Amino acid sequence: MVPIRLETHRGWILSYFAVAAARVSDAWEASSMDLDDADDIDDVVEELRELAPDADLVLLFVEADDEYLAILRFDGGDDLRVFCSDSEFADVNRMGAMLLSETELNSEPQPDPDDDAEPTTTELDAEPVGDFDLLADLGVSAATLKAVCAKDGMLPSDITAEIAARIGCGDVLEEVHDA
């Protein structure tokens, strides 16, 4: 059973699942996260720091309402990078507004002529925003990230699973999803 959380804040109700993957000494560890008490993005960053203080990289996947996916990347220090499958997420609820609050919301990745991305199967109904290159050094280019988000019938959990498999943490994330 997937641990889905319901967040209520100022009349907004949101079902979400948040899972963090931390890379420590070239091995991935994963755990679900509760973001209900986070008031702002700094609280989320602090939770990521506390989750895996020895990690060289922490990724947070937040799947919301079976419509939105936000990916946060924290490499330590104060550097946080964010990608979201749809800019609307920031407009429809507090969670989206919080996660995307201090992010430059670039709406289109720059094309890379050498990119081996899969062709998209459909045009996006959504407008992905944020840092399209946040996973490039892990083997998921900007074009590939956009292509995965554009696949017809993909739920946020499907996108998370595909991306996690590509970067090598699919098994540990699946264990948390299935717990």
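Before reading further, recall that the structure is shown in the block above.
Calculation notes
- Residues numbered from 1 in each chain as written.
- Predicted model: local features only at pLDDT ≥ 70, side-chain atom pairs only at ≥ 80, totals over all residues.
- Heavy atoms only, no water.
- Helix = DSSP H or I, 4+ residues; strand = E, 2+ residues; numbered from the N terminus.
- Buried < 20%, exposed > 50% of the residue type's maximum accessible area, 1.4 Å probe, protein only.
- Areas by Shrake-Rupley, 256 points an atom, 1.4 Å probe, with all protein chains shown as cover.
- Axes fitted to C-alpha atoms, helices over the stretch in contact; angles between N-to-C directions.
- Parallel < 35°, antiparallel > 145°, perpendicular 65-115°, else oblique.
- Contact = heavy atoms within 4.5 Å.
- Nonpolar A, V, L, I, M, F, W, Y, C, P; charged D, E, K, R; others polar.
- Patch = residues over 30% accessible without salt bridge, like charges linked within 9 Å, V, L, I, M, F, W, Y side chains within 5 Å.
- Salt bridge = Lys/Arg side-chain N within 4 Å of Asp/Glu carboxyl O.
- Lys, Arg positive; Asp, Glu negative; His and termini not counted.
- Charge placed at Lys NZ, Arg CZ, Asp CG, Glu CD.
- Arc of directions from axis to C-beta.
- Polar contact = N/O pair within 3.5 Å; in protein donor to acceptor, adjacent residues only side chain to side chain.
- Phe/Tyr/Trp six-rings, centres within 6.5 Å; stacked < 30°, edge-to-face > 60°.

### Some words on the overall build of the chain
Then, number 1: Counting its secondary structure elements, the chain contains six helices and seven strands.
Then, number 2: In the chain, the order of α-helices and β-strands from amino to carboxyl end is β-β-β-α-β-β-β-α-α-β-α-α-α.
Then, number 3: Expressed as a percentage of the 179 residues in the chain, the buried residues total 44%.
Then, number 4: Entry remark: accessible area of the chain is about 9,000 Å², with carbon and sulfur atoms responsible for 43%.

### Remarks on the packing of helix 5 (residues 156-167) against helix 6 (residues 170-178)
Then, number 1: Closest axis-to-axis distance for the helix 5/helix 6 pair is 8 Å, and the angle between their directions is 150°. Relative to helix 6, the element helix 5 lies roughly antiparallel. On the side of helix 5, the interface is formed by Ser157, Thr160, Ala164 and Ala165, while helix 6 contributes Gly170, Leu173 and His177.
Then, number 2: Along the lines of polarity and charge, the residues of the contact of helix 5 with helix 6 split into three nonpolar, four polar and no charged.

### What about a negative patch on the surface?
Then, number 1: Taken together, Asp34, Asp36, Asp37, Asp39, Asp40, Asp42 and Glu102 make up a surface patch of like negative charges.
Then, number 2: The exposure class assigned to Asp39 is exposed, which follows from its relative accessible area of 63%.

### Structural notes on helix 1 (residues 41-51)
Then, number 1: Taken together, the buried positions of helix 1 are occupied by Ile41, Val44, Val45 and Leu48. Projection of helix 1 onto a plane perpendicular to its axis shows the buried side chains occupying an angular sector of 100°, all on one side.
Then, number 2: One side-chain oxygen at the N-terminal end of helix 1 lies 3.1 Å from the backbone nitrogen of Asp42; it belongs to Asp40.

### Remarks on the packing of aromatic side chains
Geometry of an aromatic ring pair is reported as the spacing of the ring centres plus the angle between the planes.
Then, number 1: Counted according to the given criterion, the structure contains two aromatic pairs.
Then, number 2: Judged by centre distance (5.3 Å) and plane angle (70°), the ring pair of Phe83 and Phe132 falls under edge-to-face. With a gap of 49 residues between them, Phe83 in strand 6 (residues 80-84) and Phe132 in the loop between strand 7 (129-130) and helix 4 (142-150) connect regions that are remote in the sequence. There is no split in this pair, since Phe83 and Phe132 are both buried.

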